[in-house]
Amino acid sequence: MRILIAVSLLFFAQLLIAAQEGELGQDLVNPGYHEQPDWFKESFLDLGEDVAEAAAQNKRVLLYFYQDGCPYCAKLLEDNFGDARIAEKTRKHFDVIAINLWGDREVTDFNGQVTTEKKFSESLQVQYTPTLLFLNEQGKAVVRLNGYYGPAKFDVVLDYVSGKHETRMKLSAYYAQRQPATGDGKLHDEPFFLPAPLKLADNRKQSWRPLLVLFEQPNCRPCDELHQDIFQRQHVVTALSAFDVAQVNMNASAALQTPDGRTIPARQWVAELGLQYAPSMLYFDAQGKEVFRSEAWLKAFHLHTVLDYVATGAYMHQKNFQRFVQHRAEILREKGFNVDLME
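Here is what the cut-offs are and how they apply
As a convention, each chain's residues are numbered from 1 in the sequence order in which they are written. In view of the model being predicted, local features appear only for residues whose pLDDT reaches at least 70, and side-chain atom pairs are presented and counted only at 80 or more, with totals across whole chains, interfaces and linings using the full set of residues. As a rule here, side-chain values come from all non-hydrogen atoms in the structure, and water together with hydrogens is ignored. The salt bridge criterion pairs a side-chain nitrogen of Lys or Arg with a carboxyl oxygen of Asp or Glu, the two atoms within 4 Å. Numbered from the N terminus, helices here are DSSP runs of H or I no shorter than four residues, and strands are runs of E no shorter than two. Exposure classes here rest on a 1.4 Å probe applied to the protein chains alone. A residue is buried below 20% of its type maximum, exposed above 50%, and partly exposed in between. We treat two strands as partners when DSSP finds at least two bridges between them. Axes here mean lines fitted to C-alpha atoms, for a helix over just the part in contact, with angles spanning 0 to 180 degrees between N-to-C directions.

Observations concerning the pattern of salt bridges
In this structure the tally under the stated criterion is 23 salt bridges. Among the ionic pairs, arginine 85 bridges to aspartate 155, the shortest N-O distance being 3.2 Å. Taken together, the residues arginine 85 in helix H4 (residues 84-93) and aspartate 155 in helix H6 (residues 151-162) connect sequence positions 70 residues apart. The residue lysine 89 makes a salt bridge to aspartate 155 at a minimum N-O spacing of 2.8 Å. One end of the pair, lysine 89, is in helix H4; the other, aspartate 155, is in helix H6, and 66 residues separate them in sequence. In this pair, the class of lysine 89 matches that of aspartate 155, namely buried. Here the residues in one salt-bridge network are Arg85, Lys89, Asp155, Asp159 and Arg178, joined through shared partners.

Thoughts on the sheet that holds strand S1 (residues 60-66)
Strand order in this open sheet of four strands is S2-S1-S5-S6, and the pairing throughout is mixed. Bordering the open sheet on either side are strand S2 (94-100) and strand S6 (141-146), each of which pairs with just one other strand. Here the strands of the sheet are splayed against their neighbours by 15° on average, with no regard to which way each runs. Across five bridges, strand S5 (residues 131-135) lies against S6 in antiparallel orientation. Each bridged residue has a counterpart across the sheet, and for leucine 133 the counterpart in S6 is arginine 144.

In structure tokens, the structure reads:
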């Protein structure tokens, strides 16, 4: 019995150490591991070869950056790739290659340099999981999704990239064709929003607080969730009080003053910023420089964490947002608080 207990303790100790170091022995998996579809490509991570092999089959490469225990990765695997139609379309047009954000497998990048998964992820400044890079035949990213997109939006992106529409129009224009906006329609209002017309450069000269610009659209379910749920939570509103907050209608033709002092139509600024998701949240420092952004679906825990990441200035010292998220969750759990990443 003592031998059995000792072996069990050794097994769990090895598992814990391996998870902390990002390395696992054969037949072991990290806590929170999510099973990936068996049609994902088993790659040696020589990315130049992967792109060439995909092109020879009239396919493109989709790099999927993930981490174990990521609830948004689980949603991508379950809700998006769990949809038989989306899964079949992805298999037909893409070789999907999974890259572990903290992994130590060797990667040969497009310059022929050998690195590791985590260093490769760092070089691409991957801050969210999942992050998806859709590559063309030259290995260049034609679309990058920083975070989780629901099945409907994801499906549009698949069609855009597989149809090589990037040679004719931006993704935002293609998306507008597929799912036309309803005009300037009514947005949710909040008492802490800066008044219109927005003069964001003037605001930067007058305020010591960082600036949060919230880009939204009418008839937007994630926007409804943001205002009707997340912005109703006291801890989130408290965190928002550290910011000047401006709301921009992504479809509007009305002019505004950008943080760099230009006066242009809102939708022109949106196009320049490359935004295609509502709501997107961009953060600017006291000088009007963009310092961080979130442009995908986030629940309350992660949105609150982003607010604190910027407001405390942690982004200047801890460049990896996921490290900040992990540390925050660990501290809360050590204090006995329940941490629900999807709450």
